[in-house]
Amino acid sequence: MGARDVGLPEHLPRSGELPAEVTIWEVGPRDGLQNEAATVPVDVKLEFLDRLADAGLTTLEATSFVHPKWVPQLADAEELLSRLDRRTGARYPVLVPNARGLDRAVDAGIADIAVFASATESFAKRNLNSTYDEQFAMFEPVIARARGEGMAVRGYLSMCFGDPWEGVVDPGQVVAAGRRLLDAGCGQLSLGDTIGVATPGQVDRLVDAFAAAGVGVDALAVHFHDTYGQALSNTLAALRRGVATVDSSAGGLGGCPYAESATGNLATEDLVWMLDGLGVRHGADLDALVTTSTWMAQRLGRPSPSRVVRALAG
Ligand code: HMG
Ligand code: MG
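Rules behind the numbers
Residues numbered from 1 in each chain as written. Chains lettered and ligands numbered in written order. Predicted model: local features only at pLDDT ≥ 70, side-chain atom pairs only at ≥ 80, totals over all residues. Heavy atoms only, no water. Helix = DSSP H or I, 4+ residues; strand = E, 2+ residues; numbered from the N terminus. Rg over C-alpha atoms; globule rule 2.2 N^0.38 Å. Buried < 20%, exposed > 50% of the residue type's maximum accessible area, 1.4 Å probe, protein only. Contact = heavy atoms within 4.5 Å. Areas by Shrake-Rupley, 256 points an atom, 1.4 Å probe, with all protein chains shown as cover. Donors = N, O, S within 2.8 Å, 3.2 Å for Na, K, Ca; no water. Phe/Tyr/Trp six-rings, centres within 6.5 Å; stacked < 30°, edge-to-face > 60°. Lys NZ or Arg CZ within 6 Å of the ring centre and 35° of its normal. Pairing = 2+ DSSP bridges. Axes fitted to C-alpha atoms, helices over the stretch in contact; angles between N-to-C directions. Polar contact = N/O pair within 3.5 Å; in protein donor to acceptor, adjacent residues only side chain to side chain. Parallel < 35°, antiparallel > 145°, perpendicular 65-115°, else oblique. Left-handed = near helix turned anticlockwise from the far one by under 90°. Nonpolar A, V, L, I, M, F, W, Y, C, P; charged D, E, K, R; others polar. Right-handed = clockwise from strand over helix to strand, strands pointing away.

1. Considering the overall build of the protein
Item 1. In terms of regular secondary structure, the protein is built from 12 helices and 11 strands.
Item 2. Radius of gyration (C-alpha) of the protein: 18 Å, near the 20 Å computed for a compact globule of 314 residues.
Item 3. Considered along the principal axes of its C-alpha atoms, the protein spans approximately 55 × 45 × 35 Å.
Item 4. The buried share of the protein, taken over its 314 residues, is 55%.
Item 5. Taking as baseline every contact in the protein between residues at least 6 positions apart, the subset at least 24 positions apart corresponds to 75%.
Item 6. Of the accessible surface of the protein, which amounts to about 12,500 Å², a share of 49% is contributed by carbon and sulfur atoms.

Structure (structure tokens):
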């Protein structure tokens, strides 16, 4: 059963305060698969990426050039990218933490990278083996060199709402960290609720705090994990403020190996169902996504956590 089968007209009037169109930044192949206990074979990853592109997604975060001992699930990044059928019009960003990662991205002919900082000291240490300040010293030359090579650079910021070791994170602290990434040359800042604890009021306050610091919603994306079931509500709060890039993961795969209690990302199918209902354009084919996530769930040996996938996968 698709959206039209429950009586929604094919062309819905759009709610006035929402963006007309949203860019879905698909993170399943990276954020999803980095957290799997077993490494997914490269052939399965390649088919996953192809199916997602066939489903109409055009921003597909493919993998990471991180240390293979830290994230063995993505140790096949070179092979994956050398064999990937990069579709015309699609972008395949990869995560890069440092100069070594950037060398690998350049060798792989990558046009889009993302660096990933933490708003908190504790997670910088656990995720990057850096202090809070050292992480920026690591990223700044990477961003400058990548920009010099003509790459687009996104900056992720983790623990923007709550941190398992430090508790609730103050918006001022998040804005200060975000400004450092933007000032260093990141073209977009993705605000990560790494452990999925945020609520919509916090999203509003954080967008306000960025606006007060001169950072408009055009520079922002949102990245919600769904641990407490708030990812979709938080996304709607961000959309109502004008944020128009939303990160999600097909089937709700995901988590972070270095953040206790982080579960899957907002599921792409749940996002698409909501955007369809709101009349916001996104370009993805829900039925093809559901088929893909059902196929992937079979490969992983467990059902998809996405409510929409479970409802529609007849
Ligand atoms: P380190 O151990 O401190 O590295 O790790 P190092 O600089 O001391 O180097 C040690 C060795 O590693 C050296 O080799 C380097 O060459 C090598 P040796 O000389 O000993 O033979 N090395 C590398 N090899 C391959 N690729 C590299 C690389 N870098 C160094 N890039 C490091 C520091 C940053 C590398 C490590 O901490 C790391 O890889 N961390 C990544 C952790 C990660 O991927 N976490 C998940 C992604 S973040 C996330 O999921 C959150 C997000 O979704 C948003 C949200 O939800 O909030 C984005
Ligand atoms: Mg994440």
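2. Describing the coordination of the magnesium ion (ligand 2)
Item 1. Protein-derived coordination of the magnesium ion (ligand 2) comes from Asp31 (OD), His223 (NE2) and His225 (NE2), at a distance range of 2.1 to 2.3 Å.
Item 2. For the magnesium ion (ligand 2), the single-chain donor residues occur in sequence as D-x191-H-x1-H. On the criterion of sequence distance, the pair formed by Asp31 in helix α1 (residues 28-32) and His223 in strand β10 (residues 220-224) is long-range, its members being 192 residues apart. Comparing Asp31 with His223 shows no difference in burial state: the two are buried.

3. Here we look at the packing of aromatic side chains
Item 1. Within the structure shown, the criterion is met by four aromatic pairs.
Item 2. The interplanar angle of 20° and the centroid separation of 6.4 Å between the aromatic rings of Phe123 and Trp165 together place this pair among those described as stacked. In this pair, Phe123 sits in helix α5 (residues 121-128) while Trp165 sits in the loop between β7 (162-163) and β8 (167-168), placing the two residues 42 residues apart along the sequence.
Item 3. Given the relative accessible area of 28%, Trp165 is considered partly exposed.
Item 4. Their ring planes at 80° and their centres at 5.2 Å tell us that Tyr132 and Phe136 sit as a pair that is edge-to-face. Taken together, the residues span about one helical turn, with Tyr132 and Phe136 both in helix α6 (residues 132-148) at a distance of four residues. The pair Tyr132 / Phe136 is uniform in exposure class, with both members buried.
Item 5. Note that Arg154 overlies the ring of Tyr156, its terminal NZ or CZ placed 5.0 Å from the centroid.

4. Quick word on the sheet that holds strand β3 (residues 63-64)
Working definition: the strands of a sheet are paired by backbone hydrogen bonds and lie parallel or antiparallel to each other.
Item 1. The parallel open sheet is built from nine strands, whose spatial order is β2-β1-β11-β10-β9-β6-β5-β4-β3. Every interior strand has two partners, whereas the edge strands, β2 (59-60) and β3, have only one.
Item 2. As defined by bridge partners, strand β1 (residues 23-26) adjoins β2 across two bridges and the pair is classed as parallel. Each bridged residue has a counterpart across the sheet, and for Trp25 the counterpart in β2 is Thr59.
Item 3. Strand contacts of α6: β5 (112-118) and β6 (152-158), with the helix running at about 165° to β5, the strand carrying the most contacts.
Item 4. Across the sheet, helix α9 (residues 231-240) touches β9 (188-193), β10 and β11 (245-248), and the angle it forms with β10 is around 170°.

5. So, the environment of Ser248
Item 1. Note that Ser248 resides in strand β11.
Item 2. Residue classification places Ser248 among the buried residues on the basis of a relative accessible area of 0%.
Item 3. Between the C-alpha atom of Ser248 and that of Gly162, which follows or precedes it by 86 residues, the distance is 19 Å.
Item 4. If sequence neighbours within four positions are ignored, Ser248 has contacts with Ile24, Trp25, Glu26, Val27, Gly28, Leu266, Ala267, Thr268 and Leu271.
Item 5. A distance of 2.9 Å separates the side chain of Ser248 from the side chain of Thr268, its partner in a polar contact.

6. Section: the packing of α9 against helix α10 (residues 268-278)
Item 1. In contact at an axis separation of 11 Å, α9 and α10 are set at 45° when each is read in the N-to-C sense. Our classification of the angle between α9 and α10 gives oblique. Crossing of α9 against α10: the hand is right-handed. The segment α9 lies against α10, with Leu232, Thr235, Leu236 and Leu239 engaging Asp270, Leu271, Met274, Leu275 and Leu278.
Item 2. Looking at side-chain class alone, the contact of α9 with α10 contains seven nonpolar, one polar and one charged residues.

7. With respect to unusual backbone geometry
Item 1. Unlike most non-glycine residues, Asn129 shows phi in positive territory, near 55°.
Item 2. Mapped onto the elements, Asn129 comes out in the loop between α5 and α6.
Item 3. Given a relative accessible area of 48%, Asn129 falls into the partly exposed group.
Item 4. Despite not being glycine, Met159 shows a phi value in the positive range, around 60°.
Item 5. By secondary structure assignment, the location of Met159 is in the loop between β6 and β7.

8. Considerations on the pairing of β5
Along a regular strand, successive side chains alternate from one face of the sheet to the other.
Item 1. In terms of residue burial, β5 counts as a mostly covered element, since seven of its seven residues are buried.
Item 2. A two-sided burial pattern is seen for β5, the buried positions comprising Asp112, Ala114, Phe116 and Ser118 on one face and Ile113, Val115 and Ala117 on the other.
Item 3. In this structure, strand β4 (residues 94-95) lies alongside β5, joined through two bridges in parallel fashion. Bridging across to β5, Val94 finds its partner in Ile113.
Item 4. Each parallel crossover has a hand, and the one from β4 via helix α4 (residues 99-107) to β5 is right-handed.
Item 5. Summarising the sheet, β5 and β6 pair through seven bridges and their orientation is parallel. In the sheet register, Asp112 faces β6, and the bridge partner there is Ala152.

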